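Per-entry structural report
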Amino acid sequence: MPLVSYSCSAPAPGILALKILAKVQDTSVEFAENAETPSLKVVTTNPVTGTSTTATSVSWVECTKSLSQLVPSLSLWEGASVESWVESAVSSILPVIGSSSDDSGKSAVEEFISKLEKHLSESKNTYVTGTFSAADVCLTVWLAQAMAKCGLTDPGEGVSKWSASVLKSLKTYDETSIAPLLAVVGNAESVEASGELTDNPLVKKLQEFGLEFDVYSHAACMTAEELVTNVALPSEKETHTKNLFFKDKKHGLFLVTHATSSTFNTKQLGSLLKLEGKVNLRLADAATLDKHLAVKPGCVGPLCIVNDESKEVKLVLDKALTDGTYEYVHSHPLRNDASVKVKPAALMEYLNKAGIEPFVVDFSSGSEADKGGKAPANRPPESKGKEKQPKQQQQKQANQNKKTAKKGETLLALQWKKSENFAMWYSDVIVLSEMISYYDISGCYILRPWSYKIWDLIQQWFNVKIEKLGVENSYFPLFVSQDRLEKEKDHVEGFAPEVAWVTKSGDGELAKQIAIRPTSETIMYPAFSDWIKSHRDLPLKLNQWSNVVRWEFKDPTPFLRSREFLWQGGHTAPST
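Per the secondary structure count, the protein chain includes 20 helices and 20 strands. For the protein chain, buried positions account for 44% of its 576 residues. Partitioning the contacts of the protein chain with sequence separation of at least 6, the portion at a separation of at least 24 is 67%. Accessible surface computed for the protein chain: about 30600 Å², of which carbon and sulfur atoms make up 51%.

So this is what it looks like as structure tokens:
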């Protein structure tokens, strides 16, 4: 695959923001501070051919833009407003930072602060452009540097709170450089925990236990989905939490806390916790929540478990919050307009000192209940060691089961309402309708006859249409060699990280790794070149019904986004 190296030179101290951008994306960039003007050189070398290409950016805005797109999925440079704010800072702030005079440009900095304060007040956004972006990184760093240069100490409440929040997040990547900037922006160390937050019972409890943490305010968010949208985090190694409070008549109360990227089914939860007998977990009402955890809906977090003085609530923690998957965990401290940021080790120490022993459950492995072929319904699976019941006895048992159902209900019922939890409702619908069965490899699903029939009908209809156009069906191999993939590097570049590779055969390593088909072109077009020798071989019209595999993403969803999916690809070589 192509090898890429980055080298950037720019004047100090403005180069610090560029260094932080590279660190946020965990990308190695060679920096030099001895240049009078900024420049970024990107060298791409093909290891097969040995050839290389070089792209150069030669202005602050161009360098910032290029460095913001090292990991496109982070969307650090998305929308015209990001570029507009960076351009504004380059013209207003950077000349002040680079000036030899301490007083030079003070009015320009104050004018920029006024403009930013007005924007944050009117937009009510947590970040400058709505979501965390390169604008937040550059503006906070450059503005703090300019304020220090000019001797300014109070940028205003909105700018102070915003810059403190961003710089606290960036502190993870370069504490030595960022810590002094935090002290500049209006006593930023205390801004985030100002006012009522310093008196918050959970904040006091963290302080009492002597734990390291950050607390910050943000726009009020009632749901985890709103948090993810409105309070973006600077790194994929940090996560908000989703918290659900369940009640079961037999088994008691459960507070389930998981990463926002994890999903689970309540039917799974019972088996994962080894709950015996009938399990009927339902979301508890607000009165029960207030009685046991002293918190309102939308403000729940794992820290509030200390309010359960009677120790009736069992805390269920997502394993991903404890095993190092994330470097920081963010959760509400009894209010939904603020969050506490702690390391997983600090969270576990908090629980230990509070006398809480959580149930740690792995939600990332998909539906445990579906492993071994469990039917996606409310009926229990048959035990492997049991003999199959005679048909007459089965019918008798079924009739008995029907009698235990409430009037007007069946034993096949949705466990979730669409308005309560769309993801769980969606999962229930596709499983109970017998369209999908979950598989023990995340992102791969069993298409049952009801759903596969849709694909079958599409093929039947489509084949009739393309046959009239002279298109013939064919099939090409599932595997593609690394050499062929390299030849089509321009085509594959967009989804190169998603390619799945076969590297072993039995106990031995393959001499060359083999890719599993991510698309059809890299396999079909070399064959086309072998078959087409002259104009007499044209036109060539082929269609392929197959499957492809793309492996990068973390949150697969049946029918919408899966790692293996059915594929139709039509490829033609026209005569003209």
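After that view of the structure, there is still more to cover.
Turning our eyes to something else, we now look at the packing of aromatic side chains. On inspection of all chains with the given rule, the structure shows 14 aromatic pairs. Arranged with centres 6.5 Å apart and planes meeting at 45°, the rings of Trp461 and Phe462 form a pair that is tilted. Taken together, the ring pairs in this structure connect Trp455, Trp461, Phe462 and Trp545 into an aromatic cluster. When the ring centre of Phe254 is taken as reference, the NZ or CZ atom of Lys314 above it lies at 5.1 Å. Lying across the ring of Tyr328, Lys341 places its NZ or CZ 4.4 Å from the centre.

With that out of the way, let us pick up a nonpolar patch on the surface. On the surface, Leu447, Tyr452, Phe559, Leu560 and Leu566 cluster together into a nonpolar patch covering about 470 Å² of accessible area. Position of Tyr452 relative to the elements: it lies in helix α17 (residues 449–467).

That bond from Ala12 to Pro13 is cis: its omega, 5°, falls within 30 degrees of zero. Looking at where Pro13 falls in the secondary structure, it is placed in the loop between β1 (3–9) and α1 (15–24). The peptide bond linking Leu538 to Pro539 adopts the cis configuration, its omega dihedral lying at -5°. For Asp26, which is not glycine, the phi torsion reads 55° and is therefore positive. You can see Asp26 is positioned in the loop between α1 and β2 (30–32). On the accessibility criterion, Asp26 (73% relative accessible area) is exposed. Even without being a glycine, Ala294 presents a positive backbone phi close to 55°. Here Ala294 shows up in the loop between α13 (286–293) and β9 (313–318). Look at Ala294 and you get partly exposed, because its relative accessible area is 45%.

For Pro13, a relative accessible area of 32% puts it in the partly exposed group. Considered as a pair, Pro13 and Gly98 are 85 residues apart in the sequence and their alpha carbons are 7.4 Å apart. Setting aside anything within four residues of it in sequence, one finds Pro13 in contact with Ile97 and Gln145.

Cut-offs used in this document
Residues numbered from 1 in each chain as written. Predicted model: local features only at pLDDT ≥ 70, side-chain atom pairs only at ≥ 80, totals over all residues. Heavy atoms only, no water. Helix = DSSP H or I, 4+ residues; strand = E, 2+ residues; numbered from the N terminus. Buried < 20%, exposed > 50% of the residue type's maximum accessible area, 1.4 Å probe, protein only. Contact = heavy atoms within 4.5 Å. Areas by Shrake-Rupley, 256 points an atom, 1.4 Å probe, with all protein chains shown as cover. Phe/Tyr/Trp six-rings, centres within 6.5 Å; stacked < 30°, edge-to-face > 60°. Lys NZ or Arg CZ within 6 Å of the ring centre and 35° of its normal. Patch = residues over 30% accessible without salt bridge, like charges linked within 9 Å, V, L, I, M, F, W, Y side chains within 5 Å. Salt bridge = Lys/Arg side-chain N within 4 Å of Asp/Glu carboxyl O.

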